[in-house]
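This is what each chain is made of:
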Amino acid sequence: MHPPSELEISDISDFAGLARPDSNWRSGTGRGISVAIVDSGVDTEHSDLTRRVASSVEARAENKRILFDPSSSGDSAGHGTACAGIIARIAPDAELHSIKVLGPGGLGDGIAFLAGLEYAINQQFRVINLSLGTTKQQFFSPLHDLLDRAYQAGCVVVAAANNLPQPSFPSVFCSSLISVSKSEETDSFRFGFRFGETIELTAPGVNVRTAWPGNLYRSLTGNSFACPHISGIVALILEAYPMLRPFQVKSALYAIAAAGKE
Amino acid sequence: MPLADNSNLEANLRRIVETADLGNALVEPLSGSIENLLRVLAAEMNSEDASVLVRQGSDGELRFLSAIGKVADQLRNITIPAGKGVSGFVASSGQPMAVSDTTGEEAFYAEVDRQTGYSTEILLATPLRHNDEVIGVLEFVNRKGDPPYKPFSPEEMDKAALFADAIAPLVNAYESAKMFRDIGEAGFSATGIDTVLVRKWLNEIRGSAEYREMMEIAILIRDIASRSAAERQLCREMLETMIRYADQKDESSYLTH
C-alpha cells in the first residue's frame, strides 16, 4: 500500500471517540492491513495461522550483504510463531508477512535485524512488529535512520522494550515508533499508556497463551509478547482509518488507553 | 629435556607457558565460582535446574558452560545452533522470555531433552551481557518438587535479569581465561612439541626452588606496587633497567638448568 498524500492524511477528527465501546475499529478484523513480523520465522502450518501468512522471506548473508529469499524453513525458535499467533487472534484477517532474521547460518547478528527492518519498510508494510532489540552502540545511528524512513513511509513500527539498565534499540526511539512493555492484564484489548515515559505503552505480556511450532500452544511471558498485542490493535485501527499517519496512530492509542483507565 | 634445538624456541616456549599458566590459573576457580553462584541463584528462584550457556564461534552457537541439576553432566557436551530453541532466540535477540504450559504434548526444549532424557516443563531464559554484547544465556528450568510447576512470574524475570548482570562478568572472565589457555595449548601444537613432556617439565619447575623464588619475587613486586603510584613507578623503572641489563648480558637461564 502506498503512503497517503498530505490531503488524504486526516480521516479522523475525534480521537476520543475511538475509546467508545461501540467504536468501529473494535469490530474490525485487520482486513487489508499488512503486518510484518521481523523475527525467527513463522510456522505457516499452524492451525491458527493457515492462510494468514501472505509471504515468508528469510535473510541470507552473501559477501557481507544480506539478501532475502522466499522461506520455507518455518520457525527456528518458536518466537515468531508466538507473535504471529497473538496478532492473528486480535486481527484475524490481517495479512501477515514473516521476515526471518534469526536462525542458523550466521543470522541473528544486528546486521540481519536491520536488513529485515529495511526490507519491511521497502515493502511498505503498514505495521512492523519488532519483538527484538539490540544494545550495540554501532546500530544506534543506522536504526535511527531506518525508523525515520519508516515514519516518512507511513509504516507504524511497534517494538518490544527490553528489561535492561542500559538503553536498547530501537525501543528508546520513542518519537518514531511505539514501544511496548509487558503488563499482567489478561484482556487483549486493554492496554496502558505511560505518558512521558520512554516506553509509552503496556500490554498483556504475562503467561500469554499462543501458537507454538508443531501446532502446539505455549504460555509465554516477556515484553516481546506484549508488542504483538499492540501490532494487532494498530491493524484494527488502520483498517477503520487507513489514512492515519504514525503519530496519529499513537494519539489514537493514547486516547483509547486513557479512556480505559477511567 | 630435548627442547632447545633452535634459538627462538626458548623465548617462544616461555611465552606459551606463561599464557597457558595464566589461563590454567584462572579457568578452574572461575568455573567453580560460576557453578557456586548458579547454585545460589537457582535456590533463590526455587528452581530445580539452572545453566549458563555461552556463545561460541562465528555462527554464534551455544554451549553449556556450567549447569546444575539432574542432567548437568550430559548438558556440558551439548551445543545448540544459533537462533535455535528458546535459548538460541534469547541469545540472538537479547530478549528475555519465560515459557510454560507444555501440556504434556512434547517438550518445547525438544532437542536437548531428547539427548538428556530430561523433561523441561517451565523455563526462564535471560541474556547475559558484557558491555553491549550478548555473550550467553542464563536459564532456570522447572521448580523444586513435583510438576505441575508454578510459572515464572514477571518479578522473577526481573530478578533473573539482575542475576544475569551479576554472573555475566564472571562468565566473560572465564571465557577470556579459557582463551588464554587455548592459545597456550595451540602454541604447544604449533611447536610440534610433545605436550605431555612440556607439562611434565612445567610441573617440575613449579616444584623447583627457582620457581618458588620467582613467586616470592612476584609477591614482593605486588607489595611494592600496591603502595602508591610513586612506588609503582620506581618499581617499574628498576625492573626495566634490570631487564635491559639482562638483555645486554644475554644471560637468561630459563631452560638451561
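The structure this text deals with has already been given above.
To start, this report covers the structure provided alongside it. Here the structure is a predicted model, which means the values were calculated and not measured. (Residues numbered from 1 in each chain as written. Chains lettered and ligands numbered in written order. Predicted model: local features only at pLDDT ≥ 70, side-chain atom pairs only at ≥ 80, totals over all residues. Heavy atoms only, no water.)

1. Notes on the overall build of chain A
Here comes step 1: When helices and strands are counted, chain A shows five helices and 11 strands.
Here comes step 2: Within the span of chain A, comprising 262 residues, buried residues form 59% of the whole.
Here comes step 3: Taking the contacts inside chain A whose residues are at least 6 apart along the sequence as the reference set, 72% of them involve residues at least 24 apart.
Here comes step 4: For chain A, the computed accessible surface area is about 10200 Å², with 49% contributed by carbon and sulfur atoms. (Helix = DSSP H or I, 4+ residues; strand = E, 2+ residues; numbered from the N terminus. Buried < 20%, exposed > 50% of the residue type's maximum accessible area, 1.4 Å probe, protein only. Contact = heavy atoms within 4.5 Å. Areas by Shrake-Rupley, 256 points an atom, 1.4 Å probe, with all protein chains shown as cover.)

2. What to know about the pattern of salt bridges
Here comes step 1: The full count for this structure, using the stated rule, is 14 salt bridges over all chains.
Here comes step 2: Two residues, R60 of chain A and E62 of chain A, come together in a salt bridge whose shortest N-O distance is 2.5 Å.
Here comes step 3: Note on R60 of chain A: relative accessible area 32%, which makes it partly exposed.
Here comes step 4: Residue R39 of chain B is joined to E35 of chain B by a salt bridge in which the shortest nitrogen-to-oxygen separation is 2.9 Å. Of this pair, R39 of chain B and E35 of chain B both sit in helix 1 (residues 9-44), four residues apart, roughly one helical turn.
Here comes step 5: R39 of chain B gets classed as partly exposed once you look at its relative accessible area, which sits at 43%.
Here comes step 6: What makes E35 of chain B partly exposed here is its relative accessible area of 23%.
Here comes step 7: By sharing partners, the salt bridges in this structure join E35, R39, D73 and R76 of chain B into a single network. (Salt bridge = Lys/Arg side-chain N within 4 Å of Asp/Glu carboxyl O.)

3. Thoughts on helix 2 (residues 110-122) of chain A
Residue and element names in this part refer to chain A.
Here comes step 1: Given a rise of 1.5 Å per residue, 13 residues ought to cover 18 Å, and the 18 Å separating the end C-alpha atoms of helix 2 matches this to within 8%.
Here comes step 2: Three or more residues of helix 2 are buried, namely G110, A112, F113, L114, A115, G116, L117, A120 and I121.
Here comes step 3: Buried residues belonging to helix 2 abut strand 1 (34-39), strand 2 (53-62), strand 3 (65-70), strand 4 (95-100), strand 5 (127-130) and helix 3 (140-153).
Here comes step 4: A positive backbone phi angle near 55° is found at Q124, which sits one or two residues after helix 2. (Expected span 1.5 Å × (residues − 1).)

4. Some thoughts on the interface of chain A and chain B
Here comes step 1: Chain A puts 37 residues into the contact, and the matching count from chain B is 34 residues.
Here comes step 2: With both sides pooled, the region where chain A packs onto chain B buries about 2800 Å², and carbon together with sulfur makes up 49% of that total.
Here comes step 3: Counting across the interface, chain A meets chain B through zero salt bridges.
Here comes step 4: Along the contact surface separating chain A from chain B lie three residue pairs in polar contact (both at pLDDT 80 or more).
Here comes step 5: For the side of chain A that touches chain B, the elements supplying multiple residues, two or more each, are strand 10 (208-212), strand 11 (216-221) and helix 4 (223-240) of chain A.
Here comes step 6: Of the residues in the side of chain A that touches chain B, the class split is 14 nonpolar, 17 polar and six charged.
Here comes step 7: Sheet topology note: the strand 11 of chain A/strand 4 (residues 97-100) of chain B ladder contains three bridges and is antiparallel. Bridge pairing links S219 of chain A to S100 of chain B in strand 4 of chain B. (Buried area = accessible area lost by both parts, 1.4 Å probe. Polar contact = N/O pair within 3.5 Å; in protein donor to acceptor, adjacent residues only side chain to side chain. Nonpolar A, V, L, I, M, F, W, Y, C, P; charged D, E, K, R; others polar. Pairing = 2+ DSSP bridges.)

5. Here we look at the sheet that holds strand 5 of chain A
All names here are of chain A.
Here comes step 1: Spatially, the nine strands line up as an open sheet ordered 3-2-4-1-5-6-7-9-8, and their pairing is mixed. Edge positions in the sheet fall to strand 3 and strand 8 (192-193), since each of these pairs with one other strand and no more.
Here comes step 2: As paired elements, strand 1 and strand 5 share four bridges and run parallel to each other. Counted as the bridge partner of I37 is N129 from strand 5.
Here comes step 3: Contacts from helix 1 (residues 79-90) reach strand 1, strand 4 and strand 5 within the one sheet, and its direction differs from that of strand 1 by about 155°. (Axes fitted to C-alpha atoms, helices over the stretch in contact; angles between N-to-C directions.)

6. Here's the deal with a nonpolar patch on the surface
Here comes step 1: A cluster of nonpolar side chains, L22, L26 and F180 of chain B, forms an exposed patch at the surface whose accessible area comes to about 240 Å².
Here comes step 2: Looking at where L26 of chain B falls in the secondary structure, it is placed in helix 1. (Patch = residues over 30% accessible without salt bridge, like charges linked within 9 Å, V, L, I, M, F, W, Y side chains within 5 Å.)

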